[in-house]
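# Secondary and tertiary structure notes
Chain by chain, the residues run as shown.
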2 protein chains.
Amino acid sequence: MARSPQKSSAPASGNAVTADLVAVLVAVTDGAPKIMTIAGGSALPSGPFEFTHRSLQTALRAWVEAQTGHPLGYVEQLYTFADRGRSGDAKSPHSVSISYLGLTREDKVGEGFEAHWSGWYDYFPWEDHRAGAPGFIARSIAPKLKAWAKAASSPTLQRERWQRCAITFGLDDRDWNEELVLQRYELLWEASLIPEANHSRGREAPVVPGKPMTADHRRILATGIARLRAKIKYRPVVFELMPAEFTLLQLQRSVEALAGRLVHKQNFRRLIEQQELVEETGAMAADTVGRPAKLFRFRHAVLAERAVAGTKLPLSRT
Amino acid sequence: MARSPQKSSAPASGNAVTADLVAVLVAVTDGAPKIMTIAGGSALPSGPFEFTHRSLQTALRAWVEAQTGHPLGYVEQLYTFADRGRSGDAKSPHSVSISYLGLTREDKVGEGFEAHWSGWYDYFPWEDHRAGAPGFIARSIAPKLKAWAKAASSPTLQRERWQRCAITFGLDDRDWNEELVLQRYELLWEASLIPEANHSRGREAPVVPGKPMTADHRRILATGIARLRAKIKYRPVVFELMPAEFTLLQLQRSVEALAGRLVHKQNFRRLIEQQELVEETGAMAADTVGRPAKLFRFRHAVLAERAVAGTKLPLSRT
DNA sequence: CCATCTTATGCTCATGGAGAGTATAAATGG
DNA sequence: CCATTTATACTCTCCATGAGCATAAGATGG
């Protein structure tokens, strides 16, 4: 940045960069959260921003709709990174990557495109605590983190490192905090447990389960998941991922899929109903096991009615 | 964005833009929230991003420290905009503006720089509700908004417009929501009550009090204020704005200054203390009216101890 | 010294939301 | 009929939060 501040009305020459958009596109199908990927699931969809569009969001929407044939519901900017050329070479072209979170419903991907939907827990298996904490956290991740903590230079640093591990991964009887997705990824990265972190060095590092991605795409995905997990607690965004009509259990399963943890059923219903987020359609769910459930639809009116308070999660501690 | 998705490993030529950084730099002095401005208070500090820095944040920090001679505490990215040339001319250079929120303590600005601190309520007088809702909201803003609502084409639209006004400005006995800073600004913009909104047309529009800024800088500031008002409720970021030692009342005044509304004193103390965010220094405040207060300092340890829950605001409804 | 003002600090009370559990209803397949 | 599965209705307890009362500790002016 210039030493002397000034209005940015005269862009300095020699400062040219390229702007890329990267999208974390989320859908939920049958209790499985999906993200749109390309290149065989090894990258998030991305491409250069073209200034034929009025704004970044417009560009993203247009592109996604061309891809999926479906309008993109909720869109939110995630983060902007500056990359200084792939090889670290100061002469290589610089780029700015602007990432977005988008919510939609899974659907056929347009013909001739290489995009498809992948389960997001393929990339972050340690994030799914719906059936309790995955065994490999205690069996595999925790010991490796402990080794990493022990490798610090002083006893104080060792303690601090381990405390950080325990907090982010809910170890030592701490509670699991589902929102710390990015912190967990970054911790694993620092501990060299993420393949992307081994900068083309030849040596093999002990790595953790989970599919890697190109460049920093998995970090971007982590950012998106974290944002979404936080958001569903105070904004009714889950409905963007639901079909027009749904049962309360389906809604619950979607929330649980995103949060990666279970919710107390009765309290979940109480919350949804007392906030008047949904209304009955009058119909009942067909093709069901057990007692048939009422069908509901989202009351779009709530978006206008109030500065919407949200859908906090009635978590269960079991 | 390209129709065919691909890894962004080959930036397309002809897509060059310039990247600018814009900073919302906040400090609080004697219960007055300030922002750093340039050009006589008509613009936020900004400048081109230079790729000599490793990252955007590094660039921002370096620049701010050169400006103020003080390290920048908390830094957070706000939003990235794409501007298509000043005049709307498709041939003019495109730029991407990346805005940041930074917290620091007010201090002397380095010699020879045109930057200085301005009170943020100079730009958003309607946001300060510490002495109750400002009279001109009911006297001046509300009627103008009502007129704007009435100008909608259908009765339904008129009602929706007014409902939106009432929600964002807390009219019709609704509660004031201090976080809706951006929504309020955008509403006033749509209603042509913001000077920046009158696109160099000659006609005078009825405008609302508050100092305007260059380009979209006031919108960026609104984004920053909104983000900060939300953040202080769940992250202990206020302490970045406090001196090393402070009384609980000083802390409370700072929170109130940011939130633009009053807080219940006893409950505020209860909250701060039970969360163990501070510790006594042992000393007492000097130069005081009334009973002397204990001095406290921030317990930096809490940042490590937990996935910090925050400093919710014990609002008073009076 | 006393009255009064100002701020600090301790404590109680009522309300409501959240976590948790119990109980009953309505469907299906043996 | 019974076991199983899901839906739905209540109840209970705990605790955070908004609110207010009461007292303490300093200064100041008569």
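Being a predicted model, the structure only gives us computed values, none of them experimental.

Okay, the packing of aromatic side chains next. The full count for this structure, using the stated rule, is 14 aromatic pairs over all chains. Members of the aromatic cluster, each reached through a chain of ring pairs, are F124, W126, Y185 and W189 of chain A. One residue, K146 of chain B, lies across the ring of W162 of chain B, its end atom 4.2 Å from the ring centre. Its guanidinium or amino end placed over the ring of W189 of chain B, R219 of chain B lies 5.1 Å from that ring's centre, counting from NZ or CZ.

A few words now on helix α7 (residues 265–274) of chain A. All names here are of chain A. Of the residues making up α7, those classed as buried are F268, L271 and I272. Seen along its axis, α7 keeps its buried residues to an arc of 95°; they face one direction. Facing away from the buried side of α7, by more than 90 degrees, are the exposed residues Q266, R270 and Q274. After α7 finishes, the residue E276 shows a positive phi value of roughly 55°.

A separate point is the layout of surface pockets. Residue and element names in this part refer to chain B. Of the voids in this model, the second largest pocket is the one considered here, and its volume is about 930 Å³. T247, L248, L249, Q250 and A293 are the residues nearest the centre of the second largest pocket, which is lined by 32 residues in total. Among the secondary structure elements, those contributing two or more residues to the lining of the second largest pocket are β1 (16–29), α6 (248–259), α7 (265–274), β7 (278–284) and β8 (294–298). Residue assignment places the lining of the second largest pocket across two domains, with domain 1 (18–122) and domain 3 (236–305) each supplying three or more.

Time to look at unusual backbone geometry. All names here are of chain B. Unusually for a residue other than glycine, A39 sits at a positive phi of about 55°. Positionally, A39 belongs in the loop between β2 (32–37) and β3 (46–48). Residue classification places A39 among the partly exposed positions, given a relative accessible area of 31%. The phi dihedral of D173 is positive, around 65°, even though this residue is not glycine. Secondary-structure assignment places D173 in the loop between α3 (155–169) and α4 (181–190). Overall, D173 belongs to the exposed group, its relative accessible area being 80%.

Attention now moves to the confidence of the model for chain A. Mean pLDDT for chain A: 83, with 82% of residues reaching 70 or above. Here residues 1–14 of chain A scores under 50 on pLDDT; set against residues more than four positions off or in separate chains, the count is 37 contacts.

Quick look at the packing of helix α2 (residues 135–150) of chain A against helix α3 (residues 155–169) of chain A now. All names here are of chain A. Between α2 and α3, the least distance of the axes is 8 Å, while the angle of their chain directions is 155°. Our classification of the angle between α2 and α3 gives roughly antiparallel. Between α2 and α3 lies a crossing of right-handed hand. Here I141, A142, L145, K146, W148, A149 and K150 of α2 come into contact with α3, specifically with Q158, R161, W162, R164, C165 and F169.

Basis of the calculations
- Residues numbered from 1 in each chain as written.
- Chains lettered and ligands numbered in written order.
- Predicted model: local features only at pLDDT ≥ 70, side-chain atom pairs only at ≥ 80, totals over all residues.
- Heavy atoms only, no water.
- Phe/Tyr/Trp six-rings, centres within 6.5 Å; stacked < 30°, edge-to-face > 60°.
- Lys NZ or Arg CZ within 6 Å of the ring centre and 35° of its normal.
- Buried < 20%, exposed > 50% of the residue type's maximum accessible area, 1.4 Å probe, protein only.
- Helix = DSSP H or I, 4+ residues; strand = E, 2+ residues; numbered from the N terminus.
- Arc of directions from axis to C-beta.
- 1 Å grid on protein atoms, 1.4 Å probe; cavity = no way out; pocket = protein on both sides within 12 Å on 5 of 7 lines; lining within 4 Å.
- Points joined across faces, edges and corners; volume = space filled by probe spheres on them.
- Domains from an automatic or database assignment.
- pLDDT = per-residue confidence, 0-100.
- Contact = heavy atoms within 4.5 Å.
- Axes fitted to C-alpha atoms, helices over the stretch in contact; angles between N-to-C directions.
- Parallel < 35°, antiparallel > 145°, perpendicular 65-115°, else oblique.
- Left-handed = near helix turned anticlockwise from the far one by under 90°.

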